[in-house]
Amino acid sequence: MDPQRSPLLEVKGNIELKRPRIKAPSRLPLSGSRLKRRPDQMEDGLEPEKKRTRGLGATTKITTSHPRVPSLTTVPQTQGQTTAQKVSKKTGPRCSTAIATGLKNQKPVPAVPIQKPGTSAVPPMAGGKKPSKRPAWDLKGQLCDLNAELKRCRERTQTLDQENQQLQDQLRDAQQQAKALGTERRTLEGHLAKVQAQAEQGQQELKNLRACVLELEERLSTQEGLVQELQKKQVELQEERRGLTSQLEEKERRLQTSEAALSSSRAEVASLWQETAAQAALLAEREERLHGLEMERRRLHNQLQELKGNIRVFCRVRPVLPGEPTPPPGLLLFPSGPGGPSDPPTRLSLSRSDERRGTLSGAPAPPTRHDFSFDRVFPPGSGQDEVFEEIAMLVQSALDGYPVCIFAYGQTGSGKTFTMEGGPGGDPQLEGLIPRALRHLFSVAQELSGQGWTYSFVASYVEIYNETVRDLLATGTRKGQGGECEIRRAGPGSEELTVTNARYVPVSCEKEVEALLHLARQNRAVARTAQNERSSRSHSVFQLQISGAHSSRGLQCGASLSLVDLAGSERLDPGLALGPGERERLRETQAINSSLSTLGLVIMALSNKESHVPYRNSKLTYLLQNSLGGSAKMLMFVNISPLEENVSESLNSLRFASKVNQCVIGTAQANRK
């Protein structure tokens with residue numbers, strides 16, 4: 001920098017360099033901070049600078065800040081056109097037209113020339129002479145020029161703000177007008193849609209009316225044809241009417257004749273009514289006699305069963321199964337009855353050799369023969385139908401109101417379950433006593449319904465395993481909860497026993513009974529023993545509660561049919577080495593033998609008319625209490641094996657059955673109301 005340069009020139013140069021560039025014209029107002037600043041504030045801000053400038057040396061630089069004042073230009077017409085285009089896109093053609101019209105009518109703002117940097121803002125002097133340039137040292141003059149220029153800029157800014165406010169008002173008016181026009185447009189469009197819909201509806205109605213006109217014309221032509229046909233038929237009917245009139249006269253003559261015959265027929269009808277009343281009285285008398293005969297039949301049937309014995313014992317010998325050794329001849333003999341071979345066998349002879357006697361004497365001893373007599377003996381060749389035929393009348397006593405109990409007794413593998421439930425495979429010839437008994441009861445109940453009797457049947461099936469009652473008909477979540485079943489009285493003061501938590505299922509046909517038996521077979525406790533691959537280790541008790549009523553005579557009767565499959569009655573071997581599984585079988589056998597012993601004691605106590613009968617000593621006898629007493633009929637099947645290896649167990653079973661056969665229980669009484 002030249003050291004001879006004046007400080008005032010250097011300050012002026014700095015001021016010119018610091019002056020901001022003029023920006024593009026804007027329609028927006030300046031910021032409030034710039035507009036609110038007054039000239040006196042500008043002077044106050046620059047006054048310290050002047051004082052500092054006077055005290056500086058030749059190399060001191062003074063920086064003066066000037067407010068940025070935008071240059072003022074005329075608002076071009078293209079901006080109005082652009083605004084109109086933007087508004088037309090939002091508000092529609094009508095609104096854009098209005099905005100364009102408003103912008104067109106707006107007066108243009110006069111243009112203000114842009115001053116170049118460094119030039120003075122002082123207006124031209126009179127006479128067209130330009131003001132002279134102030135020297136560089138005249139800072140106060142330059143400041144006054146700048147203040148004057150700032151004042152003019154503020155006046156111009158105020159003018160532009162007013163114009164901007166006018167433009168905003170015009171824009172707001174244009175927007176409101178566009179909004180009103182849009183609303184009107186939507187209204188007109190809705191009206192137009194309604195008018196179009198009405199026009200389409202009118203066209204459709206016109207089309208329908210034309211179709212109706214065509215249809216009516218067709219119907220008119222059809223009706224005209226029908227009228228012609230009816231006219232023809234009218235002529236024919238008139239002719240037919242004349243013929244019918246003549247026939248009516250003939251019918252009236254015949255009617256008079258019929259009325260005369262009717263009077264005579266009425267007299268005959270009166271006599272027939274009298275005969276009908278006599279026949280009805282005779283029918284009622286015969287129904288009364290039939291009822292008396294039915295009661296007499298039941299009484300005689302009961303007497304017949306009592307003559308046979310309220311405790312009867314049948315013996316059944318099962319056949320030899322495939323794979324088993326053939327028994328020696330003479331092991332089992334079936335002597336003929338008093339009437340010869342034609343009579344059913346009632347006696348059984350069992351031969352048993354004693355090896356110890358032969359060893360002591362030095363010579364083989366002859367076999368010992370044991371003779372037994374029962375109410376009926378069924379040899380190995382007897383079928384299931386033959387066995388049931390013998391007990392069918394006893395089963396029917398349950399319908400007459402007498403409790404009936406039938407149970408099968410014998411060692412494991414002697415055929416007890418086969419006798420009571422039947423064989424596998426669903427063969428009708430192998431059906432056991434339970435399905436046959438229920439089929440017989442359903443059939444007899446159907447026959448008695450013709451005499452006014454109605455019967456209902458409710459079945460239950462439980463087992464007694466280790467002195468615990470289990471429900472064999474349990475399904476789903478109730479399986480395995482048989483330990484919760486208990487024997488209780490049906491109610492206070494009631495003699496009827498019931499099993500808590502056990503299912504009592506109403507049955508009315510054979511299929512329902514078959515389903516219950518199948519479910520019970522799956523739930524029953526069985527195990528493998530030395531005598532049988534699948535041995536029943538519990539007492540199963542099937543009970544059928546029978547309720548009968550004769551509504552016209554007010555008679556009611558009820559009884560239970562109990563069909564019991566006892567567990568195996570084999571004795572314990574005291575010298576047998578017991579493992580964990582054998583100990584469980586030992587406990588089962590002990591519980592079975594204990595309940596069977598209690599059953600024998602109960603029967604003996606009933607036969608001896610003892611004051612105390614030990615029903616509660618066993619769950620089996622307690623459950624069958626009402627089926628073993630003096631008002632019940634009882635039948636025991638003793639099942640034995642034909643094999644020589646089972647002679648000892650067969651002999652024990654026959655001896656127990658023989659003791660039961662010698663018992664006599666009092667006369668049975670029907671449960672009638």
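The structure displayed is predicted, hence computed values, not measured ones.

A short note on the environment of Ser594
Here comes step 1: For Ser594, the location among the structural elements is in helix H12 (residues 580-607).
Here comes step 2: Overall, Ser594 belongs to the partly exposed group, its relative accessible area being 40%.
Here comes step 3: In this structure, the C-alpha to C-alpha distance between Ser594 and Ser569, residues 25 residues apart in sequence, is 9.9 Å.

Examining the sheet that holds strand S2 (residues 332-333)
Here comes step 1: Across the sheet, three strands lie side by side as S2-S3-S4; this open sheet has antiparallel pairing. Of all the strands in the sheet, just S2 and strand S4 (368-373) have a single pairing partner and so form its edges.
Here comes step 2: Bridge count for S2 against strand S3 (residues 347-352) is two bridges, and the pairing is antiparallel. Bridging from a neighbouring strand, Leu332 pairs with Leu350 of S3.
Here comes step 3: Contacting S3 and S4, helix H15 (residues 647-661) runs over the sheet at an angle of about 145° to S3.

As for the environment of Ile603
Here comes step 1: When you line up the elements, Ile603 lands in helix H12.
Here comes step 2: Taking the relative accessible area as the measure of exposure, Ile603 reaches 1% and is therefore buried.
Here comes step 3: Along the chain, Ile603 and Lys659 lie 56 residues apart, while their C-alpha atoms are 9.4 Å from each other.
Here comes step 4: Non-local contacts of Ile603, meaning those with residues more than four positions away in its chain, are made with Ile311, Phe407, Met634, Val660 and Cys663.

A few points about the UniProt feature "binding site: ATP" (unreviewed entry) in the protein
Here comes step 1: Listed under "binding site: ATP" (unreviewed entry) in the UniProt record, and renumbered for this structure, are Gly410, Gln411, Thr412, Gly413, Ser414, Gly415, Lys416 and Thr417.
Here comes step 2: Structurally, Gly410 can be placed in strand S6 (residues 404-410).
Here comes step 3: The contacts of Gly410, once residues within four sequence positions are left out, are Lys416, Ala567, Gly568, Ser569, Asn639 and Ser653.
Here comes step 4: Looking at the element boundaries, Thr412 is found in the loop between S6 and helix H9 (416-421).
Here comes step 5: Given the relative accessible area of 4%, Thr412 is considered buried.

Digging into the packing of helix H10 (residues 433-448) against helix H11 (residues 510-523)
Here comes step 1: H11 packs onto H10 with a crossing angle of 155° between their chain directions and a minimal axis gap of 10 Å. Considered as vectors, H10 and H11 are oriented roughly antiparallel to each other. The handedness of the crossing between H10 and H11 is right-handed. Note on element contacts: H11 touches H10 through Glu510, Val513 and Leu517, opposite Ile434, Pro435, Leu438, Arg439 and Phe442.
Here comes step 2: Along the lines of polarity and charge, the residues of the contact of H10 with H11 split into six nonpolar, no polar and two charged.

Some details on the nonpolar core
Soluble globular proteins tend to pack their nonpolar side chains together in the buried interior.
Here comes step 1: Core analysis: the biggest nonpolar cluster contains 51 residues, and Cys315, Phe407 and Leu628 have the highest contact counts within it.
Here comes step 2: In terms of residue count, H12 provides more of this core than any other element does, seven residues in total.
Here comes step 3: Leu399, Val444, Phe457 and Leu517 belong to the second-largest nonpolar core, a separate cluster that totals 45 residues.

What to know about the pattern of salt bridges
Here comes step 1: A full pass over the atoms with the stated rule returns twelve salt bridges.
Here comes step 2: A salt bridge links Arg134 to Asp138, with the nearest nitrogen and oxygen atoms 3.4 Å apart.
Here comes step 3: We classify Asp138 as buried; its relative accessible area is 19%.
Here comes step 4: For Glu390, the salt bridge goes to Arg376, with nearest N and O atoms at 2.9 Å. Within this pair, whereas Glu390 is found in helix H8 (residues 384-396), its partner Arg376 is found in strand S5 (residues 376-378), the two being separated by 14 residues in sequence.
Here comes step 5: Given a relative accessible area of 25%, Glu390 falls into the partly exposed group.
Here comes step 6: What emerges from the salt-bridge pattern is a single network uniting Arg134, Asp138 and Asp145.

Reading the values: the criteria
- Residues numbered from 1 in each chain as written.
- Predicted model: local features only at pLDDT ≥ 70, side-chain atom pairs only at ≥ 80, totals over all residues.
- Heavy atoms only, no water.
- Helix = DSSP H or I, 4+ residues; strand = E, 2+ residues; numbered from the N terminus.
- Buried < 20%, exposed > 50% of the residue type's maximum accessible area, 1.4 Å probe, protein only.
- Pairing = 2+ DSSP bridges.
- Contact = heavy atoms within 4.5 Å.
- Axes fitted to C-alpha atoms, helices over the stretch in contact; angles between N-to-C directions.
- UniProt positions renumbered as here; feature names shortened; annotations may be inferred.
- Parallel < 35°, antiparallel > 145°, perpendicular 65-115°, else oblique.
- Left-handed = near helix turned anticlockwise from the far one by under 90°.
- Nonpolar A, V, L, I, M, F, W, Y, C, P; charged D, E, K, R; others polar.
- Core = buried A, V, L, I, M, F, W, Y, C linked by side-chain atoms within 4.5 Å.
- Salt bridge = Lys/Arg side-chain N within 4 Å of Asp/Glu carboxyl O.

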